[in-house]
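So you can see what is in the structure, the chains are spelled out below.
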Amino acid sequence: MKKKVAKYLACPSCKSELALEKSKSWKQDVRTGKLVCLNCNLVYPIISGRPILLTSSAVNEWKSPVSEVLGIAQYETYEDSIKSLNKIGIENAIKIAHNIQSQKPKTTESIETIPSKICGKIKYRESGDWFKCGNRTERLLAFPWESGNQNCSFLAFMEEIQKTQPEILLDIASGGGFGVSQQVYLSKSVKQTIAIERDLKCLGNIQYRFKHIHKENNSEAVAGDVRQLPVLSNTIDTTMMLMGLPEISGITAVLKEVYRVLKPSGNYVMLIPESAYESKEINKDDFIRFTKEVDLFAGHEKFLSDAEKTGFEINVAKQFKEKNGKCRLLISLSKK
Ligand SMILES: [Zn+2]
């Protein structure tokens, strides 16, 4: 982590500024240390160069959002979590989810330490060795527009972000960092990029991608929860998100947080699926009712209506038909 990124980062709990303490650097890169909230004194560790701006209640590995709202502890694929939902029954599941949501812990604690196994994974992936295994370099570090497919939604997404000419770019729910690294590679305007992901091992993948395109000096992978963004208010020009919405529980919280961190007239550009997750396991209307009740992605209409309620203006909502017959929407919102 470069010291200069700290001026954009905030305590995810109270949104105040952070001070860097007990840091050890190597070649101007802070490798270990602590970020301490100047207001509430919560402490956040820097592990293998990555700021871990998560509180102890946040989940730090991928979880199906359906499992998450139902409080299911063990790992389930998305499809398995739909099966669990089916077994529980929609009415019962809504009650369980509302009950859990109303019991959110009132006190917030720091994550003081991260298991060494996870630190090892971050380091290994950031070193680039992970990418050298199998044919990952070919598969994961490729550039889709070089294939000549000019009509793809991804390319339109990249262009829409560039149109906003951001200097300070925030990518949320970054996953392995594919979208954000492509944008950073293309952009001529970006001076600082922050990529937020809560699955800690992915931070290594994202940072390696930045290194791979020689942009590691102004691009940082940061551990954070998109419903409690670890970013100061009114600091971001453009927020981008590539197909992250169906992975998130708490869609309205994400909208409020993105609105908060954007500068006035700032943009929120994203690719989203047109419809909510579909499965043979469950009745479509029942699933939509469930997602609406518990604040999961319920399709683009509900999302756009929530965005307007948050205060966003809708500038672009363009449909793309994918090869698999499903549709994606390119959406660009701006903060009024
Ligand atoms: Zn704080």
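Given the structure is predicted, the values throughout are model-derived calculations rather than measurements.

Scoring rules and cut-offs
Residues numbered from 1 in each chain as written. Predicted model: local features only at pLDDT ≥ 70, side-chain atom pairs only at ≥ 80, totals over all residues. Pairing = 2+ DSSP bridges. Helix = DSSP H or I, 4+ residues; strand = E, 2+ residues; numbered from the N terminus. Axes fitted to C-alpha atoms, helices over the stretch in contact; angles between N-to-C directions. Parallel < 35°, antiparallel > 145°, perpendicular 65-115°, else oblique. Left-handed = near helix turned anticlockwise from the far one by under 90°. Contact = placed C-beta atoms within 7 Å. Nonpolar A, V, L, I, M, F, W, Y, C, P; charged D, E, K, R; others polar. Domains from an automatic or database assignment.

Enquirer: Hey, could you run me through the pairing of strand β2 (residues 29-37) in this one?
Expert: Residues in a regular strand point their side chains to alternate faces of the sheet. One ladder, built from 7 bridges, connects strand β1 (residues 18-26) with β2; its direction is antiparallel. If you follow Ala-19 over to β2, its bridge partner there is Val-36. What sits between the antiparallel neighbours β1 and β2 is a turn of 2 residues, in which Lys-27 has the positive phi angle 50°. As paired strands, β2 and strand β3 (residues 43-47) are joined by 4 bridges and run antiparallel to one another. For Gly-33, the partnering residue across the bridge sits in β3 and is Ile-46. Between β2 and β3, which follow one another and run antiparallel, lie 5 residues, and Asn-41 among them has a positive phi close to 65°.

Enquirer: Looking at this structure, how should I read the packing of helix α10 (residues 251-261) against helix α12 (residues 300-310)?
Expert: Running from N to C, α10 and α12 cross one another at 40°; their axes reach a closest spacing of 10 Å. In terms of their interaxial angle, α10 and α12 are classed as oblique. For the pair α10 and α12, the sense of crossing is right-handed. Contacts from Ile-251, Thr-252, Leu-255, Lys-256 and Tyr-259 in α10 reach Phe-303, Asp-306, Ala-307 and Thr-310 in α12. Of the residues in the contact of α10 with α12, the class split is 5 nonpolar, 2 polar and 2 charged.

Enquirer: Whenever I open this one, the domain arrangement of the protein confuses me. Can you help?
Expert: Interface size is commonly expressed as the accessible area that is lost once the parts come together. If you check the domain split of the protein, you get domain 1 (65-102) and domain 2 (127-335). Tallying the contact residues gives 13 residues for domain 1 and 13 residues for domain 2. Looking at the side of domain 1 that touches domain 2, the elements with two or more residues in it are α1 (65-70), α2 (78-88) and α3 (90-102). The element contributing the most residues to the side of domain 1 that touches domain 2 is α2, with 6 residues.

Enquirer: What am I meant to see in the packing of helix α7 (residues 153-163) against helix α8 (residues 178-186) here?
Expert: Think of two packed helices as two axes; the pair is described by the angle between the axes and how far apart they sit. For the pair α7 and α8, interaxial distance at closest approach is 10 Å and the crossing angle is 55°. It follows that α7 is oblique to α8 by the angle criterion. Between α7 and α8 lies a crossing of right-handed hand. Listed contacts from α8 to Met-158, Ile-161 and Gln-162 of α7 are Gln-182, Gln-183 and Leu-186. Classifying every residue of the contact of α7 with α8 gives 3 nonpolar, 3 polar and no charged.

Enquirer: Quick question: what am I supposed to make of the sheet that holds strand β7 (residues 219-223) here?
Expert: Each strand in a sheet pairs with its neighbour through backbone hydrogen bonds, running either in the same direction (parallel) or in the opposite one (antiparallel). Taken together, the 7 strands give an open sheet; going across it, the order is β7-β6-β5-β8-β9-β11-β10, and neighbouring strands pair in mixed fashion. Whereas interior strands pair on both sides, the edge strands pair on one side only; in this sheet they are β7 and β10 (312-321). Across the sheet, the axes of successive neighbouring strands diverge by a mean angle of 15°, strand direction being ignored. Pairing of strand β5 (residues 168-172) with strand β6 (residues 192-197), which is carried by 5 bridges, proceeds in the parallel orientation. Bridging from a neighbouring strand, Ile-168 pairs with Gln-192 of β6. Of the strands in this sheet, β6 and β7 are in contact with helix α9 (residues 200-212), which crosses β7 at around 175°. Relative to the sheet, α12 contacts β9 (262-273), β10 and β11 (327-335), its axis offset from that of β10 by approximately 165°.

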